[in-house]
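# Architecture and fold: a report
For reference, the chains in residue letters:
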Amino acid sequence: MSVNQVSLSAQNHYINKQQPVEKEQNSSVDSILEPVEQTVVSSVAPARRIAGIPDMLKSGDTIGAAGIAALTLINLPEDCRDLKAAYNHSACALTRKNIPKAYDYKKFQHDFSFFRGTLLHEGMKKVKSERGKRIVGKLYSADKTLYNTKFGKWVQKILGIENGAPSASAVKDLWGRMLPVRSINVKNDFLGLKELTGRALKRTTVLGLAFMGLLELPKIIKSLKKGDNAKEKSKSFAIQTGKSSLNVLSVSAGMGYLGALGAKHGGALGSLVGMGLGAIAGAAASSGIQKGLHKIKDKD
């Protein structure tokens, strides 16, 4: 089962390539002209990250490209485990054998982690000094999902979500202990959207969102140089900040919701395919909104 840093870091391939206000971008591989091929690439985490690096370098986003390259290497062990789990799932489905599950995907959704299973996590586990262990402990504590933040608690209250009793799973937490899973119980849940929202929040980490924001920062800083005066520079900064925020939120939501939906009904394989579809849908939504706003601006 894939961890959240995989889905979040992958989104930057789409985020950094979204320039919907420029007509020449319509012929880009981002234009969803070949949704099947894009979904396949998007479902393979290392491929979807690396695919965006050339365009990022062409646009001068060397910091973002370096960040994606580093993250690809760091996440390689967990990516391989995800692909293996997806392969086992599909192989068992074809041969009609019992599919090994970390838990009952239809009932539960485990909390994702930014560090778990990565090379960074492996290095953290080898820290011996007391001071180093304290730092690692703080990083572990900061590695939480949106579901477990004040915002997540507020959403749970608004939607009337109640957490079920803890149930055992095969997923390990950052300390190597069994990570219990809980059902997301909601009354009067139209089309299951409330429960799906809870699942999506459990698949989105705070550190993952923060990392995505950092990769967007160079573009925001660069926007300050556009314009001949302070007013124009401020306007450029505000526009780029809005674009970056929209990109991060829309693709995060797309991968969170469709990844959760895929995992619920298709396990590890469904999760990967759902994230691929979610990345495309989120990027398309962001591009569509930006194009719409640009047209309104042109009319004015």
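Heads up: the structure comes first, above all this text.
Below, the structure is looked at part by part. All figures in this text were calculated on a predicted structure; none of them were measured in a lab. Position numbers for residues count from 1 along each chain, tracking the sequence in the order it is written. With the structure being a predicted model, the display of local features is reserved for residues of pLDDT at least 70 and the display and counting of side-chain atom pairs for 80 or more, all residues being used for whole-chain, interface and lining totals. Note: side-chain values were computed over all heavy atoms of the structure, leaving out hydrogens and water.

On to the overall build of the protein chain, then. Each helix is a run of DSSP H or I of at least 4 residues and each strand a run of E of at least 2, with the numbering of both proceeding from the N terminus. A count of helical and extended segments in the protein chain gives 13 helices and 2 strands. Burial status follows relative accessibility: with a 1.4 Å probe on protein chains alone, a residue under 20% of its type maximum counts as buried, one over 50% as exposed, and anything between as partly exposed. Looking at the protein chain as a whole, 45% of its 300 residues are labelled buried. Per-residue and other accessible areas were derived by the Shrake-Rupley procedure at a 1.4 Å probe size, with only the shown protein chains allowed to occlude residues. Summing over all exposed atoms, the protein chain offers an accessible surface of approximately 15900 Å²; the carbon and sulfur share of this is 64%.

Before going further, it helps to spend a moment on unusual backbone geometry. If you check the backbone angles, Asn-188 has positive phi at about 50° while not being a glycine. By the secondary structure assignment, Asn-188 is in the loop between β2 (184-185) and α11 (193-202). Even without being glycine, Leu-191 reaches a positive phi, approximately 60°. Considering the arrangement of structural elements, one finds Leu-191 in the loop between β2 and α11.

Salt bridges are counted wherever a side-chain nitrogen of Lys or Arg sits within 4 Å of a carboxyl oxygen of Asp or Glu. The full count for this structure, using the stated rule, is 5 salt bridges. Between Glu-195 and Lys-264 there is a salt bridge, with the nearest N and O atoms lying 2.8 Å from each other. Of this pair, Glu-195 sits in helix α11 while Lys-264 sits in helix α13 (residues 230-299), and the two are 69 residues apart along the sequence. Across the pair Glu-216 and Lys-219 runs a salt bridge, and its minimum N-O distance is 3.3 Å. Of this pair, Glu-216 and Lys-219 both sit in helix α12 (residues 206-223), 3 residues apart, which is roughly one turn of that helix. Here Glu-216 falls in the buried class, since its relative accessible area comes to 1%. The network of salt bridges with shared partners includes Glu-195, Arg-199 and Lys-264.

A word on α12. The end-to-end C-alpha distance of α12 is 25 Å, a good match for the 26 Å that 18 residues give at a rise of 1.5 Å each. Note on bend: the value at a residue is the angle between axes fitted to the seven residues ending there and to the seven starting there. Within α12, the axis deviates most sharply at Glu-216, by approximately 35°, and proline Pro-218 lies no more than four positions further along. For α12, the full list of buried residues reads Gly-208, Met-212, Leu-215, Glu-216, Pro-218, Ile-220 and Ser-223. The N-cap of α12, judged by a side-chain oxygen 3.0 Å from the amide nitrogen of Gly-208 a few residues on, is Thr-205. Take the number of residues in a helix, subtract one, and multiply by 1.5 Å to get its expected span. Definition of a polar contact: a pair of N or O atoms within 3.5 Å, with one able to donate and the other able to accept a hydrogen when the atoms are protein atoms, and with sequence-neighbouring residues admitted only if both atoms are side-chain atoms.

Attention shifts here to the packing of aromatic side chains. Pairing of aromatic rings covers Phe, Tyr and Trp, the last through its six-membered ring, and needs centres within 6.5 Å; plane angles under 30 degrees mean stacked, over 60 mean edge-to-face, and all others mean tilted. If you walk through the whole model with that rule in mind, you get 5 aromatic pairs. Ring geometry for Phe-114 and Phe-115: centres 5.4 Å apart, planes at 75°, overall edge-to-face. Each member of the pair, Phe-114 as well as Phe-115, carries the same accessibility label: buried. Through a chain of ring-to-ring contacts, three or more aromatic side chains come together here, namely Phe-114, Phe-115 and Phe-211.

Put simply, helix α10 (residues 150-159) and α11 touch, their axes get as near as 11 Å, and they point 170° apart. On the basis of the axis angle, α10 is roughly antiparallel to α11. On α11, the residues that touch Phe-151, Val-155 and Leu-159 of α10 are Lys-194, Thr-197 and Leu-201. Under the scheme applied here, ten amino acids are nonpolar (Ala, Val, Leu, Ile, Met, Phe, Trp, Tyr, Cys and Pro), four are charged (Asp, Glu, Lys and Arg), and all others, including Gly, are polar. Along the lines of polarity and charge, the residues of the contact of α10 with α11 split into 4 nonpolar, 1 polar and 1 charged. An axis is simply a line fitted to the C-alpha atoms; with a helix, the fit covers only the stretch in contact. Between two such axes, the angle follows the N-to-C directions and lies from 0 to 180 degrees. Our angle categories are set so that under 35 degrees counts as roughly parallel, over 145 as roughly antiparallel, 65 to 115 as roughly perpendicular, and the remainder as oblique. Contact between two residues is taken to exist if any of their heavy atoms lie within 4.5 Å; hydrogens are not considered.

So, on to α11. For α11, the buried fraction is high: 8 of the 10 residues fall into the buried class. All of the buried residues in α11 are Glu-195, Leu-196, Thr-197, Gly-198, Arg-199, Ala-200, Leu-201 and Lys-202.

On the surface, Leu-214, Leu-217, Ile-221, Leu-224 and Phe-237 cluster together to form a nonpolar patch covering roughly 440 Å² of accessible area. Among the elements that take part in the nonpolar patch, α12 stands out by supplying 3 residues, more than any other. In this analysis, a patch consists of residues with relative accessible area above 30% that form no salt bridge, clustered at 9 Å for like charges and at 5 Å for the nonpolar side chains Val, Leu, Ile, Met, Phe, Trp and Tyr.

Mapped onto the elements of the fold, Ala-210 is located in helix α12. For Ala-210, a relative accessible area of 41% gives the class partly exposed. Considering only alpha carbons, one finds Ala-210 and Val-248, 38 residues apart in sequence, at a separation of 10.0 Å.

Take the side chain of Ser-244 next. Summarising the element assignment, Ser-244 is placed in helix α13. A polar side-chain atom of Ser-244 sits 2.6 Å from a polar atom in the side chain of Glu-216. Ignoring sequence-local partners within four residues, the contact set of Ser-244 consists of Glu-216 and Ile-220.

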